[in-house]
Amino acid sequence: MPQNIPLAIALVVVGSFCFAASASVQHNAVGRQVEDASERKSMSVRRLLHLLRSRRWWAGLALLGASAALQVTALLMAPVSVVQPVGLLAFPWSVILAARIHRTRVPGRMRLSLVVTVAATLGFTILTGVHATTGKGLQAYQIVIGALVVYAFAIAFSSMGRGGPKDLRCLFWASAGALFYGLEAALVKAMIEYAQEQQSWLTDPLIWGIVGALILGSVMAGALIQQGYATGPAEIVVGSMTVTSPVVAVLYGFLVLGEGKHLTLPVVAGMLVLGLVAIGGVASLTRYHPSYEADQARMDS
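In this text, all values refer to a predicted model and were calculated from it rather than measured experimentally.

A look at the overall build of the chain
Within the chain one finds 12 helices and zero strands. Beginning at the N terminus, the succession of helices and strands in the chain can be written as α-α-α-α-α-α-α-α-α-α-α-α. Sorting the 301 residues of the chain into buried and exposed places 51% on the buried side. Across the chain, every contact between residues at least 6 apart in sequence was considered, and the portion connecting residues at least 24 apart equals 84%. Summed over all atoms, the accessible surface of the chain reaches about 14,300 Å², with 68% contributed by carbon and sulfur.

Structure representation (structure tokens):
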């Protein structure tokens, strides 16, 4: 399929709204499985499986599937380092949806965190969009090593989600799931480019290995995100995913897929600063979100 970056971005914008709506719907379904959300406890396997009986949860999954389909279509037309950061728009969508659902106003400090995160990630997106190129000459070992590194980080974050500080558990669980989602996007792009370079790609073990990794990653990401919904607000989950996932996908695209061949040192430094600012903006949400402040007030009293 020919490159068409504007159309790819438009598709991801629609997909970002589907993702935010999915988060809102699934968070509501998960909330019915959690007895005391203020404890920030993860769900048992039994409760996770019980979600399969919820029509609301399946509706959220359908929205998530629509978002994924739009993203994959966009990846056929643009580099992953351009497509993935646009998913940031799910973050403001989720905040707006939450405010409308609960009929509340977004607190001022939370609005500031939102603006900082959106601005930093948009700047990150512009830098990648201008300097990213289509990767060529993929090596199988690079794809595998890159995936294993992401798996290792996801395992580390999920362990912190289970036993880390209570106010950060939602962020850790969501970040672990976001690592998988970022890797999923990167692997889809890797599979597309590898198939274009190899004539007998249908019989290539690497392609089927990537397919297996995509299936496993989807299941793991889904389970980790549900734990995020169980331990904190949907906006925190979406905020973490819309920052962590693009960072993972962009780094994978640059380091493994060869999309960063034309990067200069100032551009890399700018991306690093903007990425850290965006991550800090999401982390601040765990401090200023109304539900967390309510928990702290109960503890102080």
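Next comes the rest of the description.
Things to note about the packing of aromatic side chains
The tally for this structure, following the rule as stated, stands at three aromatic pairs. With 5.1 Å between their ring centres and 75 degrees between their planes, Tyr 151 and Phe 180 make a pair best called edge-to-face. Taken together, the residues span a long stretch of sequence, with Tyr 151 in helix 7 (residues 140-163) and Phe 180 in helix 8 (residues 169-197) at a distance of 29 residues.

Here we look at the layout of surface pockets
Of the voids in this model, the largest pocket is the one considered here, and its volume is about 760 Å³. Lining of the largest pocket is provided by 38 residues; of these, Phe 19, Leu 64, Ala 68, Gln 71 and Tyr 181 occupy positions nearest its centre. Looking at the lining of the largest pocket, the elements that each hand over two or more residues are helix 1 (5-31), helix 3 (55-75), helix 4 (80-86), helix 8, helix 9 (205-231) and helix 10 (234-255). No other element matches the nine residues that helix 3 contributes to the lining of the largest pocket. Class assignment for the residues of the lining of the largest pocket results in 23 nonpolar, 14 polar and one charged.

What about helix 10?
Taking 1.5 Å of rise per residue, the 22 residues of helix 10 would be expected to cover 32 Å, and the 31 Å separating its terminal C-alpha atoms lies within 8% of that figure. Extensive coverage of helix 10 is indicated by the burial of 19 of its 22 residues.

Remarks on the environment of Ala 120
Summarising the element assignment, Ala 120 is placed in helix 6 (residues 108-131). Measuring from C-alpha to C-alpha, the distance between Ala 120 and Val 243 comes to 9.7 Å, with 123 residues separating the pair along the chain. Each residue touching Ala 120, except ones within four places of it in the same chain, is listed here: Leu 274, Val 277 and Ala 278.

Some details on empty space enclosed by the protein
Enumeration according to the criterion identifies one cavity of 30 Å³ or more in this entry. In this model, the largest cavity occupies a volume close to 50 Å³. Mapped onto the lining of the largest cavity, the elements with two or more residues apiece are helix 6, helix 10 and helix 11 (265-288).

Observations regarding a nonpolar patch on the surface
The grouping of Val 45, Leu 49, Leu 52 and Trp 58 at the surface amounts to a nonpolar patch, some 420 Å² of accessible area in total. Secondary-structure assignment places Leu 52 in the loop between helix 2 (45-50) and helix 3.

Considering the side chain of Ser 158
Residue placement: Ser 158 occurs in helix 7. In this structure Ser 158 touches Trp 173, Ala 176 and Leu 224, once residues within four positions along its chain are discounted.

Details of the packing of helix 8 against helix 9
Interhelical geometry of helix 8 versus helix 9 gives an angle of 160 degrees and a closest axis separation of 8 Å. Taken together, the axes of helix 8 and helix 9 are roughly antiparallel relative to one another. As helix 8 runs across helix 9, the sense of the crossing is left-handed. Of the residues belonging to the contact of helix 8 with helix 9, the class tally is 22 nonpolar, seven polar and two charged.

A word on the nonpolar core
Val 83, Ile 143, Leu 183, Leu 187, Ile 210 and Tyr 252 are the most contacted members of the largest nonpolar core, which totals 40 residues. Listing elements by their share of this core, those giving two or more residues are helix 1, helix 3, helix 4, helix 7, helix 8, helix 9 and helix 10. Element by element, the count of residues in this core is highest for helix 8, at 13 residues. Filtering out sequence-adjacent residues up to four positions away, Ile 210 remains in contact with Ile 143, Leu 187 and Met 191.

Thoughts on the confidence of the model for the chain
Looking at the chain as a whole, its pLDDT mean stands at 78, while 86% of the residues score no less than 70. A low-confidence stretch, residues 292-301 stays under pLDDT 50, and its non-local contacts, those more than four residues away or across chains, total 17 contacts.

How each quantity is defined
- Residues numbered from 1 in each chain as written.
- Predicted model: local features only at pLDDT ≥ 70, side-chain atom pairs only at ≥ 80, totals over all residues.
- Heavy atoms only, no water.
- Helix = DSSP H or I, 4+ residues; strand = E, 2+ residues; numbered from the N terminus.
- Buried < 20%, exposed > 50% of the residue type's maximum accessible area, 1.4 Å probe, protein only.
- Contact = heavy atoms within 4.5 Å.
- Areas by Shrake-Rupley, 256 points an atom, 1.4 Å probe, with all protein chains shown as cover.
- Phe/Tyr/Trp six-rings, centres within 6.5 Å; stacked < 30°, edge-to-face > 60°.
- 1 Å grid on protein atoms, 1.4 Å probe; cavity = no way out; pocket = protein on both sides within 12 Å on 5 of 7 lines; lining within 4 Å.
- Points joined across faces, edges and corners; volume = space filled by probe spheres on them.
- Nonpolar A, V, L, I, M, F, W, Y, C, P; charged D, E, K, R; others polar.
- Expected span 1.5 Å × (residues − 1).
- Patch = residues over 30% accessible without salt bridge, like charges linked within 9 Å, V, L, I, M, F, W, Y side chains within 5 Å.
- Salt bridge = Lys/Arg side-chain N within 4 Å of Asp/Glu carboxyl O.
- Axes fitted to C-alpha atoms, helices over the stretch in contact; angles between N-to-C directions.
- Parallel < 35°, antiparallel > 145°, perpendicular 65-115°, else oblique.
- Left-handed = near helix turned anticlockwise from the far one by under 90°.
- Core = buried A, V, L, I, M, F, W, Y, C linked by side-chain atoms within 4.5 Å.
- pLDDT = per-residue confidence, 0-100.

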